[in-house]
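# Observations on the three-dimensional arrangement
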Amino acid sequence: MLLGILLVLFFIPTADVTENKILVAQHPLLIVTNQTATLVCNYTYNGTGKEFRASLHKGTDCSVEVCSISWNMTNIRRNTTKEFNCQGDHDKDKVIFNLWNMNANQTDIYFCKIEVMYPPPYVYNEKSNGTVIHVKETSSQIQEPQSTIPLWILTTVTGILALYSMLITAGFFNYWQKSKKCMYHQSDYMNMTPRHPPYKNKGYPSYAPTRDYTAYRSWQP
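Rules of the game
- Residues numbered from 1 in each chain as written.
- Predicted model: local features only at pLDDT ≥ 70, side-chain atom pairs only at ≥ 80, totals over all residues.
- Heavy atoms only, no water.
- Helix = DSSP H or I, 4+ residues; strand = E, 2+ residues; numbered from the N terminus.
- Buried < 20%, exposed > 50% of the residue type's maximum accessible area, 1.4 Å probe, protein only.
- Contact = heavy atoms within 4.5 Å.
- Salt bridge = Lys/Arg side-chain N within 4 Å of Asp/Glu carboxyl O.
- Polar contact = N/O pair within 3.5 Å; in protein donor to acceptor, adjacent residues only side chain to side chain.
- Disulfide = S-S within 2.5 Å.
- Patch = residues over 30% accessible without salt bridge, like charges linked within 9 Å, V, L, I, M, F, W, Y side chains within 5 Å.
- Areas by Shrake-Rupley, 256 points an atom, 1.4 Å probe, with all protein chains shown as cover.
- Pairing = 2+ DSSP bridges.

Here we come to the overall build of the protein chain. Regarding its fold elements, the protein chain presents three helices and eleven strands. Reading the protein chain from its N end, one meets helices and strands in the order α-β-β-β-β-β-β-β-β-β-β-β-α-α. The burial tally for the protein chain puts 22% of its 221 residues in the buried class. Summarising the internal contacts of the protein chain: among those between residues at least 6 apart in sequence, 53% fall at separations of at least 24.

Rendered as structure tokens:
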């Protein structure tokens, strides 16, 4: 009789622990090529919980909660962070997290967490192996970023620079025309240098014109 009581006491705690345990299974790798991912969290639970919460966490330390879903027999509540586009859906023995508009910076390992919120005791699953979501860059993400300067500003600046260039060119051309005309006026002058005699005479200054002595000769028949 005593042996039977001891056996019952021994197996009762073990049955409780096994009944309230949650096991989660995830696919190890998910490659995203169209910015959309569907992560399925399969779980097993044999307890009597009536209110549950499932959440998706990013990073090896699960520091970022991407989105979550809570449900009971009548209501479903969803929540997501601003950095992600995510929605959770509950199905029998699994939670499906749909993500869209993903980018390459969101490539990381993601973990599913399943919690029994009510009735007590509070139970949640042990950390699973997680799913590595590898987001490949699309052609639109690889393109060089376009200029954020409005088109009308670029047009205005270009017009001002073109006008300024034309004014400078016209100014230089006008200056060149005036310089050319001034140069012609300076070269149009008469040579006023006095003529020197063909030979030197001590009686006349060097600048005096040569006198014609033939006018003073006497006339001879």
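Once that is clear, we can look at the pattern of salt bridges. For the structure shown, the criterion picks out five salt bridges. Across the pair Glu51 and Arg77 runs a salt bridge, and its minimum N-O distance is 3.7 Å. Separated by 26 residues along the polypeptide, Glu51 in strand 4 (residues 51–58) and Arg77 in strand 6 (residues 76–80) bring together distant segments of the chain. Judged by relative accessible area, Glu51 falls into the partly exposed class, the value being 24%. Accessibility expressed as a relative area gives 47% for Arg77, which makes it partly exposed. One salt bridge in this structure joins Glu115 and Arg53, with 3.3 Å as the shortest N-O distance.

All right, on to the side chain of Arg53 then. One can find Arg53 in strand 4. In this structure the side chain of Arg53 is engaged in a polar contact, spanning 3.4 Å, whose partner is the side chain of Ser68. With residues up to four places along the chain from it excluded, the contact list for Arg53 reads Glu65, Ser68, Ile69, Ser70, Trp71, Lys113, Ile114, Glu115 and Met117.

Next up on the list: unusual backbone geometry. Tyr118 connects to Pro119 through a cis peptide bond whose omega is -5°. Following Pro120, the chain continues into Pro121 via a peptide bond in cis, with omega recorded as 5°. You can see Pro121 is positioned in the loop between strand 9 (108–118) and strand 10 (123–124). In the Ramachandran plot, Gln35 falls in the positive-phi region, its phi being about 70° despite a non-glycine side chain. One can find Gln35 in the loop between strand 2 (29–32) and strand 3 (37–45). A positive phi angle, near 55°, is found at Asn101, a position not held by glycine. Tracing the chain through its elements places Asn101 in the loop between strand 8 (94–99) and strand 9.

Moving on to the state of the cysteines. Two cysteines whose sulfur atoms are joined by a covalent bond form what is called a disulfide. Under the definition given, this model contains two disulfides. Paired through a disulfide, Cys41 and Cys112 show a sulfur-sulfur distance of 1.6 Å. In this pair, Cys41 is assigned in strand 3 and Cys112 in strand 9, connecting sequence segments 71 residues apart. According to the relative accessible area criterion, Cys112 is buried, its value standing at 3%.

Together, Ile149, Leu151, Trp152, Ile153, Leu154, Val157 and Leu161 give the surface a local cluster of nonpolar side chains, amounting to about 720 Å² of exposed area. Topologically, Leu161 is positioned in helix 3 (residues 151–187). Look at Leu161 and you get exposed, because its relative accessible area is 56%.

So, on to the pairing of strand 1 (residues 22–25). Residues of strand 1 alternate between two faces, with Ile22 and Val24 buried on one and Leu23 and Ala25 left unburied on the opposite face. Relative to strand 3, strand 1 is paired through four bridges, and the arrangement is antiparallel. When the bridges of strand 3 are listed, Ile22 appears paired with Tyr45.

On to the environment of Asn75. Along the chain, the position of Asn75 falls in the loop between strand 5 (64–71) and strand 6. Distance from Asn75 to Glu51, taken between C-alpha atoms, is 9.5 Å for residues 24 residues apart in sequence.

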